[in-house]
Amino acid sequence: STVSLFWPIPAWSEINIFECQFEADFQFVVTVYDDGTPDRIGVETGVGDIAKSYFDEVTKAWVIVEFVDQGHLPSTLTTILANGDAWHSRHTLDSLGGFFPSQMQGTCRARIIS
């Protein structure tokens, strides 16, 4: 007879949250997960469009790419420096193929949930 033991293993994950404020009262929240959950950029923690984040070990900067159309089309790029300075670039396409670029400078406040 074989005895199988299952021990509960706690799943520790870390969530990086950036609360960003830009010109003209434009603000959003970036939620970055380390457990495979899709990152989000939107109006509150864990809510919004799908995003993909990249962390640069050398500069300690984060780069976040926001996707629309259910994650198929990149639409914004946000770079957050270690000191919180941030740039948000939009690459908006309209239904007729027009392109409307814009860029804003602001700040992001970082916090971690673990």
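This report concerns the structure included in the present document. (Residues numbered from 1 in each chain as written. Predicted model: local features only at pLDDT ≥ 70, side-chain atom pairs only at ≥ 80, totals over all residues. Heavy atoms only, no water.)

## So, the overall build of the chain
Looking only at helices and strands, one finds 0 helices and 8 strands in the chain. The linear arrangement of helices and strands in the chain, starting from the amino end, is β-β-β-β-β-β-β-β. Counting across all 114 residues of the chain, residues that qualify as buried make up 29%. Sequence separation of 24 or more characterises 25% of the internal contacts of the chain that already satisfy a separation of 6 or more. Of the accessible surface of the chain, which amounts to about 7800 Å², a share of 57% is contributed by carbon and sulfur atoms. (Helix = DSSP H or I, 4+ residues; strand = E, 2+ residues; numbered from the N terminus. Buried < 20%, exposed > 50% of the residue type's maximum accessible area, 1.4 Å probe, protein only. Contact = heavy atoms within 4.5 Å. Areas by Shrake-Rupley, 256 points an atom, 1.4 Å probe, with all protein chains shown as cover.)

## Considering the sheet that holds strand β2 (residues 27-33)
With respect to topology, 8 strands assemble into a closed barrel ordered β1-β2-β3-β4-β5-β6-β7-β8, the strand pairing being antiparallel. Taken pair by pair, the neighbouring strands of this sheet meet at an average axis angle of 30°, ignoring direction. The pairing of strand β6 (residues 73-80) with strand β7 (residues 85-93) spans 5 bridges and is antiparallel. Residue pairing in the sheet places threonine 76 in a bridge with arginine 90 of β7. (Pairing = 2+ DSSP bridges. Axes fitted to C-alpha atoms, helices over the stretch in contact; angles between N-to-C directions.)

## Focus on the environment of leucine 81
With respect to the secondary-structure elements, leucine 81 resides in the loop between β6 and β7. Using a relative accessible area of 33% as the deciding quantity, one classes leucine 81 as partly exposed. Counting along the chain gives 26 residues from leucine 81 to threonine 107, while the straight-line C-alpha distance between them is 9.0 Å. Residue contacts for leucine 81: discarding those within four places in its chain leaves Lys60, Ala61 and Trp87.

No statement about biological role is implied by the geometric values presented.
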